[in-house]
Amino acid sequence: MIKLFTHTDLDGVGCAVLAKLAFKDEVDIEYCNYDEINEKVLEYINQNDNKIPIYITDISVKEELAKLLDKRGNVQLLDHHPTALELNKYSWCRVMVEDLSGLKTSGTKMFYHWLGMNGCFSDELENNKLLNRFAELVRDYDTWRWAELGDEGVICKQVNDLLYLYGREKFISWCVSKICCSDSFNLDDTDKLLFDIKQKEIDDYVEEKDKQLFTSPMCGWIAGFVFADKYFSELGNRLCKMHPEIDFVAMIDMDGTVSYRTIREDLDLGQRVAKQFGGGGHPKAAGSQFSKEVMLKTVEHIFYE
């Protein structure tokens, strides 16, 4: 049995697809956000045999937990977020922002290379060009490179949208079927119909949130604030383009998370913004959490003051 802890976005689910292909039914997958990864991993290592290999992909753990995992052994962490680079001091951690060619990498792309180098794929999968294509699609979407690739990049976005249309399990099955039984990731007529419906929903959501956006200084920059609970990447990117007067967008989800997005080249959201609030991420896409106490104070401020 293999245990995989991975993030909840396309890059994290992409790692789950690779794990299913490599280990089939012998992998137990747990999806985690930044505010729960440490708790879930700690609970697991306290309750399970250390002979079970653990993979942590597209997300990292805090230093205190890293020390415990270092003593446990039989663990591999693969992440690409700059805020996790300090974990490279551990032999079982590989945090890499760019690949050897200078392109920004992703959790899925790193996991693909790791599984291949360690002989985890069958000979058939090892020679399957669509498997590498899948890893590249996920990488290009996660690093927002897809926006520069024209029609080729549109496929990356469509694959991401299908994840949220189908849900994780059906999406994983769709990816496995495409990789093993198809010759491309082009959408069939049913997929295209669903995609068109979803795109209309996204467009309406962006229009609604655009009307709600307000601005204020934050961390030395001008931020646009909006309450949102979905479509963070596209919403944040489009709001930044629609409002050149702001430096970045902070999208507040009352489940306790804040997602940050920018299109500026001179602003590192992971280091300059998210890290200030206990979060992290990439220069153009990052996130942080806030506590239930903050939510309670917000409710009190609205209803009792």
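Preceding this paragraph is the structure being described.
About the cut-offs
- Residues numbered from 1 in each chain as written.
- Predicted model: local features only at pLDDT ≥ 70, side-chain atom pairs only at ≥ 80, totals over all residues.
- Heavy atoms only, no water.
- Phe/Tyr/Trp six-rings, centres within 6.5 Å; stacked < 30°, edge-to-face > 60°.
- Buried < 20%, exposed > 50% of the residue type's maximum accessible area, 1.4 Å probe, protein only.
- Lys NZ or Arg CZ within 6 Å of the ring centre and 35° of its normal.
- Pairing = 2+ DSSP bridges.
- Helix = DSSP H or I, 4+ residues; strand = E, 2+ residues; numbered from the N terminus.
- Axes fitted to C-alpha atoms, helices over the stretch in contact; angles between N-to-C directions.

A. View of the packing of aromatic side chains. In total, this model carries 15 aromatic pairs according to the counting rule given. Both rings, one in Trp144 and one in Trp146, keep their centres 5.2 Å apart while their planes meet at 70°; by these two values the pair is edge-to-face. Classification of Trp144 by relative accessible area gives partly exposed; the value is 22%. By the ring-pair criterion, three or more aromatic residues cluster together here, those being Phe23, Tyr55, Phe111 and Trp114. In this structure, Lys3 is placed above the aromatic ring of Phe5, and the distance from its NZ or CZ to the ring centre is 5.1 Å. The cationic tip of Arg168 hangs over the ring face of Tyr31; the distance from NZ or CZ to the ring centre is 4.3 Å.

B. Layout of the sheet that holds strand E1 (residues 2-6). The strand order across the open sheet built from five strands is E2-E1-E3-E4-E5, with neighbouring strands paired in parallel fashion. Edge positions in the sheet fall to strand E2 (27-31) and strand E5 (93-95), since each has one partner strand and no second. Sheet twist, expressed as the average angle between the axes of neighbouring strands with direction ignored, equals 15°. As paired elements, strand E4 (residues 75-79) and E5 share three bridges and run parallel to each other.

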